[in-house]
Amino acid sequence: MGHTEAPKPPQPVSGPHKPYIPAESIVPEFTVKAVAFGAIFGILFGASTVYLALKAGLTVSASIPIAVLSISLLRAFGRATILENNIVQTIGSAGESVAAGVAFTIPALLFLSPGANGGDYFNYVTIMTLAACGGILGVLFMVPLRRSLIVAEHGTLPFPEGTACAEVLIAGEKGGSMAKVVFQGVGLAVVYNVLMKVFALWKEAPAYISSKTATLPNATVAGEPTAEYLGVGYILGPKVGSIMVSGAIISWIVLIPLLTLLVPEATVAEDLRTLGRSDDWIAAAAGPRKFYEAYVRYIGAGAVTMAGIITLVRTAPTIWRAVVESMSAMRSKAGGLTVLRTERDIPMPVVAIGAVALVAVIAALPILPGSAMGKVVMAVLMLVFGFLFVTVSSRIVGIIGSSSNPISGMTIATLLGTALVFLSMGLSGDAYQPVALSVGAIVCIAAANAGATSQDLKTGYLVGATPIRQQIGLVIGVVVSVLAIGWTMQILDSGMAPEGALHGIGTDKLPAPQATLMATVIKGVLAQNLPWGYILVGAGLAAAVALVGVSPLAWAVGAYLPFATSFTIFLGGMLRALVDRKRGGEAGSEISTGMLYATGLVAGGSLTGVVVGALSGVDITGDDGKPLPLMAKLAHQGETWQHSIAESFGTFAPDVMSTLMFGLLGLVLFRVAMKK
């Protein structure tokens, strides 16, 4: 889903499989405390994933951190079995995967053509409905694939994250110390981000921008020294971090200065007005921001689109084999009876009825976009593309892991296919853009959740879990998490909206690069009103990057994001490189102290971001009796402190202060990562 490096796959095993808990053993598994803790983790990691996906366009897997936390927390409520801990991580991981699919697609409603009225559908009920349908569809379609992918190909498909999670669960006696590391990371991230974002004790975005008359005009070097970006960079590693920052350098230190030299300021202002920017916005925006909004943003969107298409083309042979082999294995297993506890799945009639019910919901609900005919087409396409890419996603993650799953490529293929079907039926107006996006959103969410589901079922297969209980748990995880995901997204969108703006999504605070990509694809096919010149420039750059053997998607996301985001993630990757060098490469283990602590930083920082977004929309009564934003009140003393530092030591003193605090945070992560 994100762009993390996949764990090294274990060696294929030989001989009959013997789960950790034998099939004949009956131990507590689907208990109230396991379901409750799984639901809580699903909500927390789902909310943090929404924030991270909107900020940086990527996510990190939650199964292993949840398993580590579960082992520790459930002990406080009496002795917990390995199967109870497995249910906790199964339910909890559903929230993370569904949230990723939602954040990658549904915000695109805000970026569609004006005539599409996509913003009208960006509401809590619609978000919740699309998320629930996609998430449940991913679970249901994975049920008939379990025996072919998990059982029949045990030893062939490694499912690296599922196998690593099983190892964590089996090594449960170490869970207390491992969980402590995660909690410490969460705690430090919360304290650090609150002091910076709420109380403004140091600068949130140190930056240097050259003047528009400099030799290299409007060049930008900036950072966003948050705990979550440091953690994300550490998890991604130096390779992906370097690729991302190289894309940022091209956009912010090469293209924007070049455009500044070539394009007159009056032309930039006119182009911005054409794109809907007001004169007040143009007057207030910094120089680099104007060029980014008018030109570079579309270059980045073109690069991301081409990168997704390249990813799809590269994986096409794997996709075809996945479909053929999975269908073949299903036919060979047809008619078999499930007898053992470890072979019980949700019955196929229930799966079929559930899929039909979801189609009926999509076709009947008036809150979803489209006419009656459009909704019927949407429902049919949802089933066709949904089963196709659930099959593909489940097999691909068995080889390369969930974190490297090319969900964007599959979603692009769905959007292209849906748009072409609509065009062939004469349904080409702006009104059908939200309909096409809804199909893509449901398929993206289904494929993302199916990938995570297959990893969870692999974990269960290794530890001896009951599949039907895991599958029911996954449905519970979807239903519970979607209640929070829609709320979180709307809170962030309204709370982080600039003054005078309706939405925060699409701004520097929440750039939503993946959702922008999806909207670009839909508008390009159905509306055909995009600045194709700049989009094709971006596509050409992505193709050039791919030809030299660099990951085009990571590079393109870096080119689209603000420089501060990519650069901070890069610094986290460099810290990981230093630790790897000192420890001989063992720091990359999924359960190393550094990886666990970094996961805690991501979770704590992201959850703090959600809380800050909620507080940003709260007003209190000021001393003069007028409404005063709560965040302004809390940050007043810190901002005064920053001004005094600037007056005493120079303009760049707050930037230096911010850099030093981020350096201290990195030092803590380094010291923790160096521990055995």
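Residues numbered from 1 in each chain as written. Predicted model: local features only at pLDDT ≥ 70, side-chain atom pairs only at ≥ 80, totals over all residues. Heavy atoms only, no water.

### What about the environment of Tyr 234?
Here is step 1: Checked against the element boundaries, Tyr 234 lands in helix 8 (residues 227-236).
Here is step 2: A sequence separation of 338 residues divides Tyr 234 from Gly 572, and the C-alpha atoms of the two residues are 4.5 Å apart. (Helix = DSSP H or I, 4+ residues; strand = E, 2+ residues; numbered from the N terminus.)

### Overview of the nonpolar core
Here is step 1: Ranked by size, the top nonpolar core spans 182 residues in total, and within it Val 102, Ile 106, Phe 422 and Ile 505 carry the most contacts.
Here is step 2: Sort the elements by how many residues they give to this core and helix 16 (residues 433-463) lands first, with 17 residues.
Here is step 3: What Val 102 contacts, discounting residues up to four positions off in sequence, is Pro 107, Ile 127, Ala 131, Ile 445, Ile 485 and Met 489. (Core = buried A, V, L, I, M, F, W, Y, C linked by side-chain atoms within 4.5 Å. Buried < 20%, exposed > 50% of the residue type's maximum accessible area, 1.4 Å probe, protein only. Contact = heavy atoms within 4.5 Å.)

### Re the side chain of Thr 105
Here is step 1: Within the secondary structure layout, Thr 105 lies in helix 3 (residues 82-105).
Here is step 2: Among the residues examined, Thr 105 registers a relative accessible area of 0% and is labelled buried.
Here is step 3: In contact with Thr 105, not counting residues within four places along its chain, are Thr 411, Leu 437, Gly 440, Ala 441, Cys 444, Ala 515 and Met 518.

### Comments concerning helix 16
Here is step 1: In a regular helix each residue adds 1.5 Å, so 31 residues correspond to 45 Å; helix 16 covers 45 Å between its end C-alpha atoms and thus fits that length.
Here is step 2: Taken across its 31 residues, helix 16 has 31 buried, putting it largely inside the fold. (Expected span 1.5 Å × (residues − 1).)

### Details of the packing of helix 9 (residues 238-262) against helix 20 (residues 552-560)
Here is step 1: Look at helix 9 against helix 20: their axes get within 7 Å of each other, and the N-to-C directions meet at 45 degrees. Between helix 9 and helix 20, the angle falls in the class oblique. Considering only the axes of helix 9 and helix 20, their crossing is right-handed. Here Val 240, Ile 243, Met 244, Ser 246, Gly 247, Ala 248, Ile 250 and Ser 251 of helix 9 lie close against helix 20, whose contacting residues are Ala 554, Trp 555, Val 557, Gly 558 and Ala 559.
Here is step 2: For the contact of helix 9 with helix 20, a count of residues per class yields nine nonpolar, four polar and no charged. (Axes fitted to C-alpha atoms, helices over the stretch in contact; angles between N-to-C directions. Parallel < 35°, antiparallel > 145°, perpendicular 65-115°, else oblique. Left-handed = near helix turned anticlockwise from the far one by under 90°. Nonpolar A, V, L, I, M, F, W, Y, C, P; charged D, E, K, R; others polar.)

### A word on the environment of Arg 79
Here is step 1: Considering the arrangement of structural elements, one finds Arg 79 in the loop between helix 2 (63-75) and helix 3.
Here is step 2: Owing to a relative accessible area of 81%, Arg 79 belongs among the exposed residues under this scheme.
Here is step 3: When neighbours within four sequence positions are excluded, Arg 79 is seen to be in contact with Lys 33 and Glu 84.

Purely geometric stuff here, so don't read any function into it on its own.
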